[in-house]
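Understanding the architecture of this molecule
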Amino acid sequence: MVDMMNMTSLLMILVVAVITVPAQLAHATVTLAVNASDPGRQMPSTLFGLFFEEINHAGSGGLWAELVQNRGFEAGGQNTPSIFEPWYKVGDQLQVSIGTELSSPFQRNPVALKIEVLCDSGDNSCPSGGVGAANPGFWGMSIVAGSTYKVELWVRSKTSFSLSVAFTSSDGTTVLAQSHLSVEASEEWSKRSVVVAATSTDHNARLALTSATRGVFWVDQVSALPTDTYKGHGFRKELATMIADLKPGFLRFPGGCYVEGQRMANAFRWRDSVGPYEERPGHYGDVWNYWTDDGFGYFEGLQLAEDLGTAPIWVFNNGVSHEQSVATELIGPFVQNVLDGIEFARGPVDSTWGAVRAEMGHPEPFQLQHVAVGNEDCNKPYYTSNYMEFYNAIKLKYPDIQIISNCDASIAPLDHPADLYDYHIYTNAKNLFAMRHQFDHSSRSGPKAFVSEYAVTGTDSGTGSLYAALAEAAFLIGIELNSDLVQMASYAPLFVNANDRRWNPDAIVFNSNQQYGTPSYWMQHFFKSSNGAHLIPSTVQADSSTSLASIITSAVRFHNASSGMEYLIVKAVNFGNTSLNVNLAVTGISASNIIPGESNIMVMTSSGVMDENSFTNPVKVAPQVSKATNAAPNMELVLPANSIVALELGLAPALSSRSESLTKFVDTFISTS
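Residues numbered from 1 in each chain as written. Predicted model: local features only at pLDDT ≥ 70, side-chain atom pairs only at ≥ 80, totals over all residues. Heavy atoms only, no water.

Examining the sheet that holds strand β25 (residues 495-497)
So the rule is basically this: When DSSP locates at least two bridges between a pair of strands, those strands are taken to pair. The way it works is that DSSP assigns letters per residue, a run of H or I at least four long becomes a helix, a run of E at least two long becomes a strand, and they are numbered from the N terminus. Throughout, an axis means a line fitted to C-alpha atoms (over the contacting stretch in the case of helices), and angles, computed between N-to-C directions, take values from 0 to 180 degrees.
The mixed open sheet is built from three strands, whose spatial order is β25-β26-β27. On the outer flanks of this sheet lie β25 and β27 (515-517), each paired with one strand and no other. Averaged over all pairs of adjacent strands, the angle between strand axes in this sheet comes to 20°, irrespective of strand direction. Judged from the three bridges that link them, strand β26 (residues 508-510) and β27 form a sheet pairing that is antiparallel. Among the inter-strand pairings, I508 is bridged to a residue of β27, identified as G517.

Listed below in structure tokens is the structure:
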């Protein structure tokens, strides 16, 4: 009945996947019939979304726009003297000495950097730019002429002096942006903030803190961000825009294995990642083997989901790491920790943790409706018994929250309650293509499915190939067809800094100033209208020379509320190395319903299945759009070998009027029944 009440939704998407066609069947023809008058079944609004994990410097040095690496000097540990890379000395050993001390004003971050200037401009023993310390960021800072940057730091000095805060070229010869701070002698720490404007561009720049006055000073918690970030919340604008363009239905965060840690001591702790950044201790992620200051923390994940207009899914640590598990009789504090985390997201401002959220500038609760109890932990010791402790406690206090189990219910029923179960798949292209029917025969009773991690990996993927994207598209077709069971799906991993590739492949590749989508990223654009759309019946017929077993189809309809336009979109994926003709036959609309000027054809293919994108050729494999001048309900489509094709037909208001009339009829029928 709900489906019938959405008759104004008239965007229809048909997806076809074809396996390899033998050479003798090149240009084989199939007929695809779509009944546009069938109301269909509405698919979840959360069907296709995003999975963000702190891997490959996805957040630290990536989506989180902080330019300074190891801003609090804690990465080397809290025993001093310590290593404080990537900070380094500006000047020689006769001019300056730098090292760490336990003298910070922040109890949880006790390490600070002591800088002793041994030279002085008064006797010409200092270079003109002064001496001190510099930070190159994450493989170079991208400083762009005309842009402004906010630099904050804590400083203390025994003597009064002038501190230069400057973005410079990596060798210090060119000043890109600079400000001078007058620092007064004091035993107390003070926070200083300055906004500097860049006059030159350098994508491999550094931040330098220097002085030409003999004396000793200390600095701590040095931060630098561009003032222009995504929605003003500290996210790198170009990267955030790329994921926003996918129109995601959810955001799963912050991991992944990152949540677990190799050992519990290095697991992600949400409490340590909220509040002022100066008070976040940071931690070493021992699964992906790098330090993060936790600038992108629990709060930032919730904020990003809100900025994207999507549903947050919090994956929390359930007392399990890769090497350790907490016994059930000791799990109580971990359960309370999760309840506190939910209170942080949803609690009123007068609650303990809701007040912390409000102090961070977000008094309104976040719309947290889903949580996952761990990541890939089903077979770990104590998982099921611990899971029940979390499940019961959360349901008692927050009965509306959907709880996700790590155990796979696609083959056999779970032995514990859950709203959803998590399913991960990484495999080669042929296997993933063959898995397009993975959920066809799974039980419809019990929890729904969440395919939170999928991707083609290994030799078929390269660092992101067309071949991989084609197989992934076919897999997503199967998810559309089974969207009565599968509620959500997301590709993994989402981001990789090209300078620190810990996992391969990834959807989006970036460095300090560039970014591009792999074919797997662009493939997801073909499915971004599926969220909340209606799945309607479609059938395929073929002559005797063509095997129907080689074809999988789905059809959906959708109304674009933001533009007010209605569309019929036919999508096809040809996984084979020969072209295929498709005779499209759509009933329920006529030629007069179609607006040629609003109709387009989008194609993604390339000359080789292993073709990839790169910084030098970022859209070698990407959708190409042209006008569909011959748009009609009955028409022939040619699918090039190894391609994804989408035909978008704009529909005239006349069809909308008929749908609105039918909707009114249905509403009247319901109200009188």
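Some remarks on the sheet that holds strand β10 (residues 148-157)
With respect to topology, five strands assemble into an open sheet ordered β6-β7-β15-β10-β13, the strand pairing being antiparallel. Sheet topology places β6 (96-101) and β13 (186-197) at the edges, where each strand pairs with a single neighbour. Mean inter-strand twist for the sheet, computed between neighbouring axes without regard to direction, equals 30°. Sheet analysis places β10 next to β13, joined by nine bridges and oriented antiparallel. Within the sheet, the bridge partner assigned to L153 lies in β13 and is R192.

Here we look at the state of the cysteines
Rules: Pairs of cysteine sulfur atoms within 2.5 Å are what we label disulfides. The cut-offs for exposure are 20% and 50% of the maximum accessible area for each residue type, with area from a 1.4 Å probe on protein chains only; residues under the lower value are buried, those over the upper are exposed, and the others partly exposed.
Following the criterion strictly, the structure yields two disulfides and no others. In this model C119 forms its disulfide with C126; the gap between the sulfur atoms is 1.8 Å. Residues C119 and C126 are joined through a disulfide that is right-handed, its torsion about the S-S bond being 75°. Judged by relative accessible area, which is 2%, C119 ranks as buried. In this model C378 forms its disulfide with C407; the gap between the sulfur atoms is 2.1 Å. The chirality of the disulfide connecting C378 with C407 is right-handed, given an S-S dihedral of about 100°. Placement of the pair is C378 in the loop between β20 (370-373) and α6 (383-397) and C407 in the loop between β21 (402-405) and β22 (420-427), with a sequence separation of 29 residues. Take C407: its relative accessible area is 6%, and that puts it in the buried class. Once the disulfide-bonded cysteines of the protein chain are ranked by sequence position, their pairing pattern turns out to be 1-2, 3-4. Between C257, a free cysteine, and C378, which holds the nearest cysteine sulfur, the sulfur-to-sulfur gap is 15 Å.

Notes on the layout of surface pockets
The criterion, for reference: Each cavity reported here is a set of points on a 1 Å grid over the protein atoms alone in which a 1.4 Å probe fits but cannot get out, each pocket an open set with protein on both sides within 12 Å along at least five of seven lines, and each lining residue one with an atom within 4 Å of a point. Grid points are joined across faces, edges and corners, and a volume is the space filled by probe spheres set on the points. Gly is placed with the polar residues, together with every amino acid not listed as nonpolar (Ala, Val, Leu, Ile, Met, Phe, Trp, Tyr, Cys and Pro) or charged (Asp, Glu, Lys and Arg).
Roughly 760 Å³ of internal volume is contained in the largest pocket. Put simply, the parts of the chain that give the lining of the largest pocket at least two residues each are β31 (566-574), β33 (594-604) and β36 (643-651). Its residues assigned to classes, the lining of the largest pocket comprises 15 nonpolar, 11 polar and four charged.

Observations concerning the packing of aromatic side chains
How two aromatic rings sit relative to each other is given by the distance of their centres and the angle of their planes. Note the following rule: Geometry of aromatic contacts follows a simple scheme: Phe, Tyr and Trp rings, the Trp one being its six-membered ring, pair when their centres are within 6.5 Å, and the pair is stacked under 30 degrees between planes, edge-to-face over 60, tilted otherwise. Counted as over-ring charges are cases with an Arg CZ or a Lys NZ within 6 Å of the ring centre that also lie within 35 degrees of the ring normal.
Using the criterion set out here, one finds 33 aromatic pairs in the structure. With 5.6 Å between their ring centres and 40° between their planes, Y258 and F268 make a pair best called tilted. Of the two residues, Y258 is situated in helix α2 (residues 257-260) and F268 in the loop between α2 and β17 (283-285); the sequence distance between them amounts to 10 residues. A relative accessible area of 6% places F268 in the buried class. Pairing Y467 with F575 gives two aromatic rings, centres 5.5 Å apart and planes at 10°, and the pair type is stacked. Of the two residues, Y467 is situated in helix α8 (residues 466-481) and F575 in the loop between β31 and β32 (580-587); the sequence distance between them amounts to 108 residues. Among the aromatic residues, those joined into a cluster by ring pairs are F253, W270, Y298, F299, W314, F316, F344, W353, F366 and F390. A cation over a ring is seen here: R252 above F51, with NZ or CZ 4.3 Å from the ring centre. The ring centre of F527 lies 4.3 Å from the NZ or CZ of K571, which sits over that ring.

Points about the pairing of β31
Walk down a regular strand and you will see the side chains alternate between the two sheet faces. Counting buried positions over the nine residues of β31 gives nine, a clear majority of the element. Burial of the side chains of β31 extends over both faces: E566, L568, V570, A572 and N574 are buried on one face and Y567, I569, K571 and V573 on the other. Pairing of β31 with β36 involves eight bridges; the strand directions are antiparallel. The partner of I569 across the bridge, within β36, is E648.

So, unusual backbone geometry
A cis amide bond links T80 to the next residue, P81, at an omega of 0°. Relative to the helices and strands, P81 is located in the loop between β4 (48-51) and β5 (88-90). Across the junction of E85 and P86, the peptide omega takes the value 10°, indicating a cis bond. Along the chain, P86 falls in the loop between β4 and β5.

Overview of the environment of I331
Keep this limit in mind: We call two residues contacting when some pair of their heavy atoms lies within 4.5 Å.
By secondary structure assignment, the location of I331 is in the loop between β19 (311-316) and α4 (332-346). Given a relative accessible area of 1%, I331 falls into the buried group. Counting along the chain gives 22 residues from I331 to G309, while the straight-line C-alpha distance between them is 34 Å. The residues contacting I331, other than those within four sequence positions of it, are N318, G319, V326, N386, E389 and F390.

Observations regarding the environment of L304
Relative to the elements of secondary structure, L304 occurs in helix α3 (residues 298-308). For the pair L304 and L251, spaced 53 residues apart in the sequence, the C-alpha separation amounts to 8.3 Å. Sequence-distant contacts of L304, defined by excluding residues within four places in its chain, comprise L63, F235, I243, L251 and F296.

Let's talk about α6
We count it as follows: What a helix is expected to span follows from its residue count: subtract one and scale by 1.5 Å.
Compared with the 21 Å implied by 1.5 Å per residue over 15 residues, the 21 Å span of α6 between its first and last C-alpha is a close match. The complete set of buried residues in α6 reads Y383, N386, Y387, F390, Y391, A393, I394 and K395. In this structure, the buried side of α6 is in contact with β19, α4, β20 and β21.

Overview of the packing of α4 against α6
Defined as follows: It is the rotation of the near helix from the far one that decides the hand of a crossing: anticlockwise by less than a right angle makes it left-handed, clockwise makes it right-handed.
Direction vectors running N to C along α4 and α6 enclose 35°, while the axes themselves pass 10 Å from each other. When you trace α4 past α6, the crossing you get is right-handed. Where α4 approaches α6, its residues F334, V335, V338, L339, I342 and E343 are matched on the opposing element by E389, F390, A393, I394 and K397. Looking at the contact of α4 with α6 residue by residue, the classes come out as eight nonpolar, no polar and three charged.

Some thoughts on the pairing of β33
Across seven bridges, the pairing between β33 and β36 is antiparallel. Following the sheet pairing, V603 is matched in β36 by V645. Judged from the four bridges that link them, β33 and strand β34 (residues 624-627) form a sheet pairing that is antiparallel. When the sheet's bridge partners are listed, M602 is paired in β34 with V625.

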